[in-house]
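Observations on the model geometry
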Amino acid sequence: MYVLIVPASTPFVLLATVMALSWWEDRILPTPPAEPAEDPVEAPLTPGGPAPLPELHASTLR
């Protein structure tokens, strides 16, 4: 009879483990700062042209 308890209780043990880790992550681990210390400097966006197509040589066309 005790052999049936382990497979039947496994999903509940896994659920309790996930819920405990979620609680631990929310309560115990330090939270990141609300705002970054410095704003990252963004590079100006310059639109690029189309990529040049490779040239075909006459020797490759044969």
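Coordinates for the structure precede this section.
Description of the structure in this document. (Residues numbered from 1 in each chain as written. Predicted model: local features only at pLDDT ≥ 70, side-chain atom pairs only at ≥ 80, totals over all residues. Heavy atoms only, no water.)

Some details on the overall build of the protein chain
Broken down by element type, the protein chain carries one helix and zero strands. The buried share of the protein chain, reckoned over its 62 residues, is 0%. Counting every atom, the protein chain has about 6,800 Å² of accessible surface; 69% of that belongs to carbon and sulfur. (Helix = DSSP H or I, 4+ residues; strand = E, 2+ residues; numbered from the N terminus. Buried < 20%, exposed > 50% of the residue type's maximum accessible area, 1.4 Å probe, protein only. Areas by Shrake-Rupley, 256 points an atom, 1.4 Å probe, with all protein chains shown as cover.)

Some words on a nonpolar patch on the surface
Judged by side-chain polarity, L21, W23, W24, I28 and L29 come together as a nonpolar surface patch covering roughly 520 Å² of accessible area. With respect to the secondary-structure elements, L21 resides in helix 1 (residues 2-27). Accessibility expressed as a relative area gives 52% for L21, which makes it exposed. (Patch = residues over 30% accessible without salt bridge, like charges linked within 9 Å, V, L, I, M, F, W, Y side chains within 5 Å. Salt bridge = Lys/Arg side-chain N within 4 Å of Asp/Glu carboxyl O.)

Keep in mind these numbers describe shape, not what the thing actually does.
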